[in-house]
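Residue-level structural notes
Listed below are the residues making up each chain.
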Amino acid sequence: QAKRDGKRCYVWFQEKLEHEMLEKLRIEQGIRDALEKEEFVLYYQPIIDLHNGQTVSLEALIRWNRPEHGLVSPEIFMSVAEESGLIIRMGKWVLKTACLFGKELRDHGRDISIAVNVSVKELLQTDFVDQVAEVLDETGFPSSYLELEIVETLLIEKFEAALPKLHHLRAMGVQISLDDFGTGYSSLSYLKELPIDTVKIDRTFVIDAMKKSAHAAIIETIIELSHRLQLKVVAEGVETEGQRFFLRKKKCDKIQGYLISKPMEREEIWRYLQN
Ligand code: C2E
Ligand code: MG
Ligand code: MG
Ligand code: MG
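A brief report on the enclosed structure follows. Source: prediction; values computed, not measured. Per-chain numbering applies: the sequence of each chain, read as written, is numbered from 1 onward. Key to labels: chains lettered from A, ligands numbered from 1, both in the order written. Confidence filtering applies because this is a predicted model: local features only for residues at pLDDT of at least 70, side-chain atom pairs given and counted only at 80 or more, and all residues used for totals across whole chains, interfaces and linings. Based on all heavy atoms of the structure, the side-chain values leave hydrogens and waters out of the count.

Moving on to the coordination of the magnesium ion (ligand 3). Water is absent from the atoms considered, so a metal site may look incomplete; donors are defined as N, O and S atoms within 2.8 Å of the metal, or 3.2 Å for Na, K and Ca. At the metal site, the magnesium ion (ligand 3) is ligated by Asp179 (OD), Asp180 (OD), Glu236 (OE) and Glu236 (OE), and these contacts range over 2.0 to 2.5 Å. Each donor residue of the magnesium ion (ligand 3) lies on one chain, and together they are spaced D-D-x55-E. Here the magnesium ion (ligand 3) and the magnesium ion (ligand 2) are spaced 4.2 Å apart, linked through Asp179, which binds each one. Taken as a pair, Asp179 in strand 6 (residues 175-181) and Glu236 in the loop between strand 8 (232-235) and helix 11 (241-249) lie far apart in primary sequence, 57 residues in all. A residue is classified by how much of its surface remains accessible, and Asp179, at 4% relative accessible area, is buried. Categorising residues by exposure relies on relative accessible area from a 1.4 Å probe, with only protein chains included: less than 20% of the type maximum marks a residue as buried, more than 50% marks it as exposed, and the intermediate range marks it as partly exposed. Using a relative accessible area of 10% as the deciding quantity, one classes Glu236 as buried. What counts as a helix is a DSSP run of H or I of at least four residues, what counts as a strand is a run of E of at least two, and both are numbered from the N terminus.

This is the structure we're talking about:
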């Protein structure tokens, strides 16, 4: 009986694996097509200054407007894009599109930065810095208004290779943010080694900052240490007034989250900025 169960389990597992592989291949081919057919869309989420409530930057977040699927979130396709290397083409499109929008905002007198997520695979391309320089040049978007967000854990893993790139980008005037901060291990000791401008506290700490005193303490510590190192702090995933109040009391610089706004399409952003 046990043996038969084991076999059945094996077959089931095999089928599941095959199904997952097929799904991945389907997504990979889908991404390829989507790049051709321009099915990707950038949404933008406001980041506001906690002291005066002004929108200081917009984070570009990719969506896939996939026929018959609707709007697909990056959580579904980003890992496939990374594994397949398609992230490179996708990333180039994201950077250019975001900078074009940033330039358009500036041309309309808006003093707003644009934050673009960059995966480590993108950052580590030999010519990544040149690519950024080229896009800034082509679009006329000023480097000091571009913020590149890099996920902390991944950056630390590739610390040696990433370091010169970050120095180079900053020398060009580009700002660097450490995304999803706090989810890694040796976070705090690395802070002083990295040429960065901003730390983004991961949403998981913000969620129950009010309920878990340990999380509140972690947030306080990150803010204090960052400020001592002359870094700005953004809290991600702020959803309640209570969280905003807490973060303001702890002298967090900026916040981002559904309390302010969900990510929006370009047209919605224009309307949002009008108010
Ligand atoms: P991220 O950079 O940490 O972006 C923040 C994520 O949290 C976004 O999810 C955003 O929609 C979501 N979020 C913001 N405020 C709230 C809130 O108050 N509550 C909740 N529950 N969620 C909130 P999204 O758009 O699904 O993106 C997921 C991740 O995918 C991003 O995390 C980023 O790592 C990656 N990603 C998105 N766009 C790009 C891109 O163009 N290039 C690259 N390389 N990665 C991207
Ligand atoms: Mg981000
Ligand atoms: Mg994040
Ligand atoms: Mg994230």
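Read on, since the account is not over.
Right, let's get into empty space enclosed by the protein. In the cavity and pocket records, a cavity denotes points on a 1 Å grid over the protein atoms alone where a 1.4 Å probe fits but cannot get out, a pocket denotes an open set with protein on both sides within 12 Å along at least 5 of 7 lines, and lining residues are residues with an atom within 4 Å of a point. Grid points are joined across faces, edges and corners, and a volume is the space filled by probe spheres set on the points. Applying the stated criterion across every chain yields a total of one cavity of 30 Å³ or more. Contributing to the lining of the largest cavity are Ile47, Ser57, Glu147, Glu149, Ser177, Thr198, Lys200, Val234 and Lys254. As a working rule, the residues Ala, Val, Leu, Ile, Met, Phe, Trp, Tyr, Cys and Pro are called nonpolar, Asp, Glu, Lys and Arg charged, and the rest polar, with Gly in that last group. A breakdown of the residues in the lining of the largest cavity according to their chemical character gives two nonpolar, three polar and four charged.

Aromatic contacts are taken between Phe, Tyr and Trp rings whose centres are within 6.5 Å, Trp giving its six-membered ring; a plane angle under 30 degrees counts as stacked, one over 60 as edge-to-face, and the others as tilted. Applying the stated rule across the entire model yields seven aromatic pairs. Ring geometry for Phe101 versus Trp270: centroids 6.0 Å apart, planes at 90°, classification edge-to-face. Highlighted residues: Phe101 in helix 3 (residues 87-107) and Trp270 in helix 12 (residues 266-274), separated in sequence by 169 residues. Three or more aromatic residues link up through ring pairs in this structure, and these residues are Phe40, Trp64, Phe77 and Trp93. Sitting over the ring of Tyr43, Arg63 keeps its end group 5.6 Å from the ring centre. Looking at Lys262, its charged tip hangs above the ring of Tyr258, at a distance of 4.6 Å from the centre. Remark: a charge is flagged as sitting over a ring if the NZ atom of Lys or the CZ atom of Arg is within 6 Å of the ring centre and within 35 degrees of the ring normal.

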